[in-house]
Amino acid sequence: MVDSAGKEMDNPTFRSDTVLSDVHLHCPSKRHLMVRLNAVGQPVFLSYFKLLWSTEDLASGKHVREITTGGEHPCRSGDELCDKDRSNVKEEGELNSEGVEALLDDDGDLEVVRRPRSASDLRAEDLLRDIVCPVILMKGKEDVFEDEERECTCSDVVKIEHTMATPLEDVGKQVWRAAFLLADYILFKRDTFRCCSVLELGGGTGITSIIMGTVAKRIYCTDVGEDLLAMCEQNVALNKHLMESGGGEIKVKELDWLKDEFCTDPEAPYSWSEEEIADLLDHCSVIMAADVFYDDDLTDALFRTLYRITHNLRNSCTVYLALEKRLNFTLRHMDVTCEAYSHFRNTLNDLENLQDGKMKYTVEPIKLDFCQFLVYERIEQL
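Residues numbered from 1 in each chain as written. Predicted model: local features only at pLDDT ≥ 70, side-chain atom pairs only at ≥ 80, totals over all residues. Heavy atoms only, no water.

Trainee: Would you take a moment to explain the overall build of the chain for this structure?
Mentor: For the chain, the count of helices and strands is 14 helices and 13 strands. Considering the chain as a whole, with its 382 residues, one finds that 43% of them fall into the buried category. For the chain, the share of sequence-separated contacts (at least 6 apart) that also reach a separation of at least 24 residues comes to 71%. Carbon and sulfur atoms make up 49% of the accessible area of the chain, which amounts to about 21800 Å² in all. (Helix = DSSP H or I, 4+ residues; strand = E, 2+ residues; numbered from the N terminus. Buried < 20%, exposed > 50% of the residue type's maximum accessible area, 1.4 Å probe, protein only. Contact = heavy atoms within 4.5 Å. Areas by Shrake-Rupley, 256 points an atom, 1.4 Å probe, with all protein chains shown as cover.)

Trainee: Where do I start with the nonpolar core in this structure?
Mentor: Across soluble globular proteins, you tend to see nonpolar side chains buried next to one another. Among the nonpolar cores identified, the biggest contains 47 residues, and F49, V158, F180, I186, F193, V198 and M212 are the most heavily contacted of them. With sequence-adjacent residues up to four places away left out, V158 is seen in contact with S47, Y48, F49, L51, I207, I210, I211, N239 and L242. Membership of the second largest hydrophobic core comes to 27 residues, among which are L201, W272, A301 and F344. (Core = buried A, V, L, I, M, F, W, Y, C linked by side-chain atoms within 4.5 Å.)

Trainee: Would you mind going over the packing of aromatic side chains with me for this structure?
Mentor: Describing an aromatic ring pair means giving the distance of the ring centres and the angle of the ring planes. Tallied over the entire structure, the rule returns 14 aromatic pairs. Here the aromatic rings of Y185 and F193 are separated by 6.4 Å at their centres, their planes lie at 75°, and the arrangement is edge-to-face. We note that Y185, like F193, is buried. By the ring-pair criterion, three or more aromatic residues cluster together here, those being Y185, F188, F193, Y320 and F370. A cation over an aromatic ring shows up here: R308 above the ring of F262, its NZ or CZ 5.7 Å from the ring centre. (Phe/Tyr/Trp six-rings, centres within 6.5 Å; stacked < 30°, edge-to-face > 60°. Lys NZ or Arg CZ within 6 Å of the ring centre and 35° of its normal.)

Trainee: For this particular structure, what's the right way to read the pairing of strand β7 (residues 197-200)?
Mentor: For a regular strand, side-chain orientation follows a simple rule: the groups alternate between the two sheet faces. Side chains S197 and L199 of β7 all project onto a buried face; the interleaved residues V198 and E200 project onto the opposite face, where all are buried too. The pairing of β7 with strand β8 (residues 218-223) spans four bridges and is parallel. Opposite L199, over in β8, you have Y220 as the bridge partner. Of the crossover connections in this fold, the one passing from β7 over helix α9 (residues 207-212) to the parallel β8 is right-handed. Bridge analysis of β7 against strand β10 (residues 284-290) gives four bridges, and the strand direction is parallel. (Pairing = 2+ DSSP bridges. Right-handed = clockwise from strand over helix to strand, strands pointing away.)

Trainee: So what exactly am I meant to see when it comes to the sheet that holds β7 here?
Mentor: Within a sheet, each strand pairs with its neighbour through backbone hydrogen bonds, oriented either parallel or antiparallel. Spatial strand order, β9-β8-β7-β10-β11: five strands in an open sheet with parallel pairing. Two strands bound the open sheet, and with one partner strand each, they are β9 (249-254) and β11 (318-322). Between one strand axis and the next, the sheet turns through 20° on average, direction left out of account. (Axes fitted to C-alpha atoms, helices over the stretch in contact; angles between N-to-C directions.)

Trainee: I tried to follow unusual backbone geometry on my own but got confused; where do I start?
Mentor: With the exception of glycine, the majority of residues adopt a negative phi angle, and the majority of peptide bonds are in the trans configuration. Here C195, not a glycine, exhibits a phi torsion of approximately 65°, which is positive. Tracing the sequence through the fold places C195 in the loop between α8 (190-193) and β7. In this structure C195 comes out as exposed when scored by relative accessible area, which is 59%. Despite not being glycine, D291 shows a phi value in the positive range, around 55°. Secondary-structure assignment places D291 in the loop between β10 and α13 (296-312). The exposure class assigned to D291 is buried, which follows from its relative accessible area of 10%.

Trainee: I'm lost on the pattern of salt bridges in this one. Help?
Mentor: For the structure on display, the rule yields 15 salt bridges. One salt bridge connects E324 with R177, and the closest N-O pair in it is separated by 3.1 Å. With E324 in the loop between β11 and β12 (328-330) and R177 in helix α7 (residues 177-188), this pair connects stretches of sequence that are 147 residues apart. For the pair shown, E324 and R177 are each scored as buried. Here E276 and K251 are joined by a salt bridge, their closest N and O atoms 3.4 Å apart. Of this pair, E276 sits in helix α12 (residues 274-283) while K251 sits in strand β9; the two residues are 25 residues apart in sequence, bridging distant segments of the chain. Residue E276 is classed as buried on the basis of its relative accessible area, which comes to 12%. Connected via shared salt-bridge partners are R177, D291, E324, R326 and E377. (Salt bridge = Lys/Arg side-chain N within 4 Å of Asp/Glu carboxyl O.)

Trainee: What exactly am I supposed to notice about the packing of α13 against helix α14 (residues 339-352) here?
Mentor: The geometry of a pair of packed helices is captured by two quantities: the angle between their axes and the separation between those axes. At a closest axis distance of 10 Å, the pairing of α13 and α14 adopts a crossing angle of 25°. For the element pair α13 / α14, the angle class is roughly parallel. In this structure, the crossing between α13 and α14 has a hand that is right-handed. For the pair formed by α13 and α14, the contact residues are D296, T299, D300, F303 and L306 on the first element and E339, A340, H343, F344, T347, L348 and L351 on the second. Considering only residue class, the contact of α13 with α14 consists of six nonpolar, three polar and three charged. (Parallel < 35°, antiparallel > 145°, perpendicular 65-115°, else oblique. Left-handed = near helix turned anticlockwise from the far one by under 90°. Nonpolar A, V, L, I, M, F, W, Y, C, P; charged D, E, K, R; others polar.)

This is the structure:
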């Protein structure tokens, strides 16, 4: 039906500097359509992310097909069973405290299945581990996504072009879990954001701004890099149907945290006009950022940008920050740590304790007990 992307694509190799979002691995058997190569030669894929309600329901205010973290919820982590799977296992045998079936012998003792001491009597193919990786398709016939399109309607699908397995400097071209979490919160509190003027810092592929566009009046989705911003603009165009009911407008703009001013060069792509800067400073009441706290220098630069912009806003502003706490074992500490998260928390505390007579910041954590409206794995580290 379609042409293969080649053996190299079917069995990707990862170097030490390669970063891959867990979002792409959550459903490894899901087909990813490779649509093009970007300006720097990276493969660009098109993925469908399903909304658990449609834009018609958003417009009417109905709560349909929503799922909560405490009730019927998709598996929240790899060791937690879905309700349906749990009931199926109960029918087959007893469960231990972790929801895993216990194997008992005739006397009721735990039976431990051990690895064979010698594999000489096993066939070679039985010893091979299954290779699990996304199935990558090249653009071919018109029915490449025929099955998915039958199941999904335009009003309940977000279409996102993105890359996979990028160097660290290009992670903004991938889709990250905290963006889905922030999108969930926007949909849950949609009345709070209705008709607002919003600025997103580090918008990446633009998925959070697109969801915000279903309720807010105007969104400035910002990042750096012409190639990334072009991808973001393409995603905005792919999802115009989602914003029609709310009348939201998304403007993709460049905003470099390492610079003190907005880019106003008319020759530069995605630059700001004086009218747009004035509109942002006069009307912006919401700033948001998702999964941008992975490098200490960039974290410092973001908070400097945040202070500079909020200092110049005419009205008070609420900032929503979403991130995933990533744990790593470090030789320096000889323990599992999360240095990027710790630096974020320390910088956030410094901002809250800032006393300059001009600005006052109050930090309030948000409980993750709100409904989930997008299909993804909501884990405890979010």
